[in-house]
Amino acid sequence: MSSNKVMRKLALVLLMSAATQVVAAPVSAANLDSLERMLEAQGQVQLQMQRRLEQMSSDIDELRGNVERNSYEIKKVVDRQRDIYREVDNLSRQPAKAEPTDAKKEAVSSEAFSSNTDENTAYEKAVNLILKEKDYKGATKAFQSFLTTYPNSVYKPNASYWLGQLFFAQNQLADATTNFKVVADTKDSSKRADALLKLGVIAERGNDIATAKTYYQEVIKAYPNSTSANQAKTALTKLK
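Just so we're clear, the structure is a prediction, and the values are computed from it rather than from any experiment.

A word on the confidence of the model for the chain
Phase 1 of the analysis: The predicted model of the chain averages 78 in pLDDT, with 69% of residues at 70 or higher.
Phase 2 of the analysis: Within the model, pLDDT remains below 50 along residues 18-25, and this stretch shows 0 contacts once partners closer than five positions in the same chain are excluded.
Phase 3 of the analysis: Taken together, the stretch residues 91-111 has pLDDT below 50 and engages in 18 contacts with residues farther than four places along the chain or on a different chain.

A look at the nonpolar core
Phase 1 of the analysis: By size, the foremost hydrophobic cluster in this structure holds 40 residues, and its most contacted members are Y123, I130, F143, F146, W162, F180 and Y216.
Phase 2 of the analysis: Mapped by element, the contributors of at least two residues to this core are α3 (117-131), α4 (136-149), α5 (156-169), α6 (173-184), α7 (192-205), α8 (209-222) and α9 (227-239).
Phase 3 of the analysis: Setting aside residues up to four positions removed in sequence, F180 forms contacts with Y161, G164, Q165, F168, A195, K198, L199 and I202.

What about the pattern of salt bridges?
Phase 1 of the analysis: Scanning the model with the defined rule gives 2 salt bridges in all.
Phase 2 of the analysis: With its nearest N and O atoms 2.8 Å apart, the salt bridge here joins R192 to E218. Of this pair, R192 sits in helix α7 while E218 is found in helix α8, placing the two residues 26 residues apart along the sequence.
Phase 3 of the analysis: A residue is classified by how much of its surface remains accessible, and E218, at 28% relative accessible area, is partly exposed.
Phase 4 of the analysis: In this structure, K198 engages D194 in a salt bridge whose closest nitrogen and oxygen atoms are separated by 3.3 Å. With a gap of 4 residues between them, K198 and D194 both fall in helix α7, about one helical turn apart.

Brief notes about the environment of V183
Phase 1 of the analysis: If you trace the backbone, V183 turns up in helix α6.
Phase 2 of the analysis: Between the alpha carbons of V183 and Y161 there is a distance of 6.2 Å; along the sequence they are 22 residues apart.

Focus: the packing of α7 against α9
Phase 1 of the analysis: Where α7 meets α9, the closest approach of the two axes is 9 Å, and the angle between their N-to-C directions is 20°. Classified by the angle their axes make, α7 and α9 are roughly parallel. For the pair α7 and α9, the crossing hand works out as left-handed. Along its contact with α7, which presents A193, D194, L197 and E204, the element α9 presents S228, Q231, A232, A235 and L239.

Some words on unusual backbone geometry
Phase 1 of the analysis: A positive phi angle is found at K134, which is not glycine, with a value near 55°.
Phase 2 of the analysis: Locating K134 in the fold gives a position in the loop between α3 and α4.
Phase 3 of the analysis: Judged by its relative accessible area of 35%, K134 is partly exposed.
Phase 4 of the analysis: Of note in this structure, N171 is not a glycine but carries a positive phi near 65°.
Phase 5 of the analysis: With respect to the element layout, N171 can be found in the loop between α5 and α6.

Conventions and cut-offs
Residues numbered from 1 in each chain as written. Predicted model: local features only at pLDDT ≥ 70, side-chain atom pairs only at ≥ 80, totals over all residues. Heavy atoms only, no water. pLDDT = per-residue confidence, 0-100. Contact = heavy atoms within 4.5 Å. Core = buried A, V, L, I, M, F, W, Y, C linked by side-chain atoms within 4.5 Å. Buried < 20%, exposed > 50% of the residue type's maximum accessible area, 1.4 Å probe, protein only. Helix = DSSP H or I, 4+ residues; strand = E, 2+ residues; numbered from the N terminus. Salt bridge = Lys/Arg side-chain N within 4 Å of Asp/Glu carboxyl O. Axes fitted to C-alpha atoms, helices over the stretch in contact; angles between N-to-C directions. Parallel < 35°, antiparallel > 145°, perpendicular 65-115°, else oblique. Left-handed = near helix turned anticlockwise from the far one by under 90°.

Given below as structure tokens:
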């Protein structure tokens, strides 16, 4: 009797176990498929994120390199302009190197001041923007306005010289050339030697070596004892 009970319990357990396997089997397979798809999708998302991060890192490195290069170039430009502006300031304080003849002295002296008070004030204001206030952009506009208002001023050669220097410092060589030529055409200008020198430098930068040599040689011939002539000689030596 007890043996039959044991057998019945065993059979019931086996039957329940089989039933459980039949019911659970499809549920487990579906779960596994779903889990596998989720893992695969997650892996693809992670892979895309990794690729994006790598691309962003590469872009950042490239931008950093560009910033460093641009900073270096800007520093070079600023340093060059500072040197040129310092040269402008120094030149303004130097006496003329070439002494004119007595007749020329009288001509220069008669042109030292204008009888027009407004003209004198406008010119002095423009010069002070360079020498005292160091406002080079303002000085450029002031000299341009001055020459427009007083096109025949006795200060025209000097105003043109300052404009030439200002444009030269900003690497606006075409405008610098135009203004330096005005000075070069004024034979009794105390700034003619340096204007000719600058015209030679501009021609040399433009690879017009023949023109550069012509300007340098003219400086040496017309102003043999000047600082500009010494600089012209050095420049000619380098061109040979």
